[in-house]
Every structure is written in C-alpha cells, then in structure tokens.
Amino acid sequence: MRNILVLIQRFYLFLLFLLLQLVALYILFDNNNFHRAEFIQHSNDWTGFIYGKRSQLSEYLRLGEINDELSLENAVLRSERPENFITTRSGADSVENTKTLQRYVYRTAKVVNATVNREKNFLTLDRGLLSGVKADMGVLANGCLVGVVRSASDHFAVVMPVIHADFKASVKLKKYGVIGSLEWAGGNPGVADVVEIPKNIPAAIGDTVLTSGYSTFYPAEVLVGTIESVDDESSNEYHILKIKLGADIRLLSQVQVVSDILKMEQDSLLDKVIQQDAAYSRR
Amino acid sequence: MLLTVGGNILRIAFLILLQALVVSRIQLFDGLILPWVYIFGILMLPFETPRWLTLTVGFIVGWTMDYFSGPMGLHSTACVTLAYMQPIVQKFISPREGYDSIQRPTIQSMGLPWYLTYAGVLTLIHHSWFFFFEVFRFSDFFYQLVHILLSSAATIVLMTIGQYLIFNSKSSQL
C-alpha cells in the first residue's frame with residue numbers, strides 16, 4: 001500500500017496529465033451518433049449570446065448588401081401573389097384547396113456564427129425550439145441548399161452545412177435526372193463534389209445540380225449549384241464533378257429553415273416496413 | 001502575487017475572446033492557415049507556476065475554447081498536451097543558472113532567441129496535436145504538414161507581435 005502511495009506521489013503529474021487527456025479524448029470520440037455533442041454544445045446559450053453580439057456588429061457593416069438581397073426576395077415573392085395569376089379554367093370544377101396540401105413550411109432565421117475554414121464547419125442560427133426550429137430540418141438561403149439543422153436549444157440552432165466533412169445529400173443533375181451524392185472534401189468553402197454519377201452521362205460544365213427529394217430534410221428541386229469542372233481521371237466508373245455552391249456559406253446572413261410537415265408520416269411508414277421485414281426474416 | 005494571478009486570468013480571458021471573435025475569422029488560402037493565438041495565455045504563465053496548476057489551467061482554457069470552436073474535447077486535448085510539455089521544454093532550454101524569480105517567459109526578459117525556441121517548439125506541439133486529432137487520418141499527409149507548419153508560423157508571428165504590443169520593458173511583471 002505504501003509503495004503505491006509513493007508511486008502515485010512520484011508520478012502524480014503524469015497521472016494527472018493522463019486523467020485530463022483521457023477525459024478530453026473520451027469526450028472527443030464518444031459522440032459518434034447523429035446528434036453529436038459537437039453540435040449540441042455550440043447551441044448553448046452563452047456562446048450563442050456572445051456570437052450574436054458580434055454578428056449584430058458585422059451585419060451592420062453590410063446592411064446595404066443584405067437590403068439588396070431582401071428586396072430581391074420580396075420582388076420574387078410579390079410576383080407569386082395570387083392576384084398576379086389569372087385563372088384559365090372556367091366553370092365550378094376547380095376546388096383547388098382539396099387538391100393541394102401544404103407540405104413545407106419556411107421560417108426565416110439569421111446566421112449568428114459560422115466557421116468556414118475547418119474540416120467540420122457549422123453555422124449557428126438565432127432561432128431554436130421556441131421558434132419551431134428542430135433537428136433534421138433543412139436550411140436554405142435564397143432557394144439554395146445550405147445544410148441541415150443538427151441540434152437546437154431554446155433560442156439557437158446549429159446547422160451542419162454542405163461544407164462539413166460528414167455532410168452527405170442525394171442530388172440529381174437537372175438535365176438528365178441522374179442521382180448522385182453530394183460531398184465536401186475540405187478546402188475551398190465555395191466548391192463541393194458530386195460523386196456516383198456514371199460516366200455515360202455527358203455531364204458538362206455549367207449544368208445545374210438540384211436536390212433529389214429522396215431525403216426528408218429538404219424539398220426536391222432545390223438548387224445546389226452548377227458544375228464548375230468535370231474530373232474523369234480519378235475514378236473508373238464515375239465522374240467526380242466539382243460544383244460551385246449556389247449559397248456561399250462565407251457570406252450568409254439570412255437563411256430559411258424548411259420543415260416538412262409530412263416527414264413524420266414518411267419516416268414512420270418506412271420504419272414500420274423495416275420492422276415488419278425484420279420480423280418476417282426472423283420467422 | 002495577486003496581481004500576477006489576476007493579470008494571467010485577464011490575459012487568458014482576453015485571448016480566448018480575441019481568438020473566437022477575431023482571429024478565427026481570418027481566412028487565408030481556404031483555411032490552410034489557421035492560427036490559434038489563444039495558447040499565448042498558457043505560454044505566458046510564470047516560471048514558478050506549479051506543474052499541476054499549469055495542467056489544470058491548460059485543461060480549462062482548452063475546454064472554454066471548445067465551447068466556441070468545437071468539436072468538444074479537441075482544444076482540451078491539445079492544450080493539456082501543451083501544458084504538460086511546457087515545463088519540460090522550459091527545462092531543456094533553461095539558461096545555465098536556471099530561471100530567476102523575477103524573470104518571465106517574454107522576449108524582454110529572456111531575449112528573442114530563447115523566446116522563439118520556446119514559443120516555436122510548443123506551438124508546433126500544440127498545432128500538430130490539434131490538427132492531427134481534428135482530421136484523425138493520415139491521408140492528405142502533405143497537405144496536413146503544410147497546414148500545421150504554416151498555421152504554427154502564423155501563430156508564432158502573431159504572438160511575437162503581441163509581445164511587443166502587450167509587454168513593454170517596464171510593466172513585464174505580470
């Protein structure tokens with residue numbers, strides 16, 4: 001017993017080092033599930049408060065630019081008002097309201113903090129659970145894909161943007177309808193990769209890339225970006241397409257959070273089938 | 001004594017805010033150069049700081065920085081390593097007669113060659129550890145190496161400039 005105490009006394013510094021190091025590494029590597037602590041901690045209220053103050057200041061300096069963006073968006077929205085449309089149908093058979101069902105709801109939010117120069121970047125928004133922003137909602141800016149909400153506190157939400165090493169989304173080429181996968185390999189925050197598009201598809205520079213709608217995070221046909229270069233050297237079967245992202249994460253200020261009203265229904269249906277399948281194969 | 005403790009706490013708090021609000025926003029070459037100047041607060045701890053305290057301060061500084069710039073645990077692990085190595089590096093490069101109790105690990109007190117060795121070695125240790133655990137893979141090894149070297153160089157330059165701004169020869173007692 002005394003020997004152990006002597007040993008501890010002699011090496012206590014190294015033991016303290018090991019202890020602190022283990023705590024740090026445990027926390028660093030113990031969050032491998034989807035709702036990672038990495039995202040939860042960034043939506044905590046006190047750093048959110050400090051970052052909020054800073055963004056107030058920096059936003060003030062680019063008010064003119066933001067004004068232009070907003071007025072452009074106003075013009076687009078105004079042109080979609082029902083008064084601007086004439087009905088080409090006559091007769092009483094058009095009971096429009098029973099034919100359509102609203103699926104997506106948009107909320108505006110402001111970006112209060114963003115990192116763009118890391119491997120795993122994130123954005124903090126100034127809206128959280130109290131404003132109806134929850135995890136797994138899509139985030140768009142001026143109709144372009146930005147990312148997905150990963151975690152929300154009462155007043156803040158943290159978004160995993162396209163430029164995060166773990167980000168993946170199903171996308172398609174507008175021209176051909178072929179499905180590929182959107183990834184980001186680090187480096188330039190204005191450019192991402194689309195992989196898994198077979199080489200027999202004649203993808204060309206300037207083609208538009210949209211979301212596929214396979215994911216319940218974002219609506220289909222949301223602009224992702226345009227092809228900037230086509231790399232056919234690195235892979236045998238697939239193109240590697242560099243695309244210029246439609247939303248420049250570096251300059252984001254206003255974003256829209258999209259919630260899918262039917263998401264629960266769609267996901268739970270799939271879960272049910274998967275469970276039935278599992279039960280079936282057990283028999 | 002109280003002045004020294006208070007001065008160090010204030011300096012660390014100021015550096016963490018400076019890092020989170022200003023320096024982390026610097027974007028050079030698509031994130032290739034990413035200086036972490038907040039470690040200056042740990043490097044400037046007085047020579048007579050007990051090693052357990054240096055370790056604890058390192059952990060707390062890293063933990064606080066993680067809140068601003070995650071993932072949680074990343075700055076902590078790098079700072080604990082830095083804080084463990086700091087006294088060892090100091091011992092290695094100590095002058096023959098050891099450190100005087102009025103000396104501080106500053107350029108004014110120890111001279112530029114000593115300071116550059118001290119800050120250079122420790123910054124490299126911290127940045128290598130940090131960027132290795134951030135990516136945790138050996139692919140892009142060359143890119144990572146350049147990333148570490150350039151970021152360390154930027155940190156050292158900023159810290160050296162900071163030295164001349166913060167400490168003048170008269171008030172180097174903190």
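As the structure is a computational prediction, the values presented were derived from the model and not from experiment. (Residues numbered from 1 in each chain as written. Chains lettered and ligands numbered in written order. Predicted model: local features only at pLDDT ≥ 70, side-chain atom pairs only at ≥ 80, totals over all residues. Heavy atoms only, no water.)

Draft legend 1. Up close: the overall build of chain B. Each helix and strand in chain B was counted, giving 7 helices and 0 strands. When the elements of chain B are put in sequence order from the N terminus, they spell out α-α-α-α-α-α-α. Residues classed as buried in chain B amount to 53% of the 174 residues present. Within chain B, counting contacts between residues at least 6 apart in sequence, those at least 24 apart form 76% of the total. Approximately 8000 Å² of chain B is accessible, and the part contributed by carbon and sulfur atoms is 74%. (Helix = DSSP H or I, 4+ residues; strand = E, 2+ residues; numbered from the N terminus. Buried < 20%, exposed > 50% of the residue type's maximum accessible area, 1.4 Å probe, protein only. Contact = heavy atoms within 4.5 Å. Areas by Shrake-Rupley, 256 points an atom, 1.4 Å probe, with all protein chains shown as cover.)

Draft legend 2. Structural context of the side chain of Ser181 of chain A. Within the secondary structure, Ser181 of chain A sits in strand S7 (residues 179–183). When residues no more than four places from it in sequence are discounted, the contact partners of Ser181 of chain A are Lys168, Ala169, Val171, Asp193, Val194, Val195 and Glu196 of chain A.

Draft legend 3. Geometry of the interface of chain A and chain B. Each partner contributes residues to the interface: chain A has 34 residues there, and chain B has 40 residues. Across the chain A to chain B interface the summed buried area is about 3300 Å²; carbon plus sulfur atoms make up 64%. The interface formed by chain A and chain B holds 0 salt bridges in total. Remark: the boundary between chain A and chain B carries 2 residue pairs in polar contact (both at pLDDT 80 or more). Every element with two or more residues in the side of chain A that touches chain B is listed here: helix H1 (2–29), helix H2 (37–42), helix H3 (45–61) and strand S1 (104–114) of chain A. A per-element tally of the side of chain A that touches chain B places H1 of chain A first, with 13 residues. (Buried area = accessible area lost by both parts, 1.4 Å probe. Salt bridge = Lys/Arg side-chain N within 4 Å of Asp/Glu carboxyl O. Polar contact = N/O pair within 3.5 Å; in protein donor to acceptor, adjacent residues only side chain to side chain.)

Draft legend 4. Region of interest: the nonpolar core. By size, the foremost hydrophobic cluster in this structure holds 47 residues, and its most contacted members are Leu125, Leu145, Phe167, Leu182 and Ile243 of chain A. Considering every element that reaches this core, the biggest residue donor is strand S4 (residues 144–152) of chain A, with 5 residues. With near-sequence residues (within four places) excluded, Ile243 of chain A lies in contact with Leu182, Gly190, Val191, Ala192, Val194, Val209, Val224, Gly225, Thr226, Ile227 and Glu228 of chain A. Residues Trp36, Phe47, Cys79 and Tyr118 of chain B belong to the second largest nonpolar core, which totals 37 residues. (Core = buried A, V, L, I, M, F, W, Y, C linked by side-chain atoms within 4.5 Å.)

Draft legend 5. A look at the packing of aromatic side chains. This model, assessed by the stated rule, comprises 12 aromatic pairs over all chains. With a centroid separation of 6.0 Å and an interplanar angle of 85°, the aromatic rings of Phe217 of chain A and Tyr218 of chain A are classed as edge-to-face. A relative accessible area of 4% means that Tyr218 of chain A is categorised as buried. Taken together, the ring pairs connect Trp36, Tyr38, Phe130 and Phe131 of chain B into an aromatic cluster. A cation over a ring is seen here: Arg51 of chain B above Tyr84 of chain B, with NZ or CZ 5.1 Å from the ring centre. (Phe/Tyr/Trp six-rings, centres within 6.5 Å; stacked < 30°, edge-to-face > 60°. Lys NZ or Arg CZ within 6 Å of the ring centre and 35° of its normal.)

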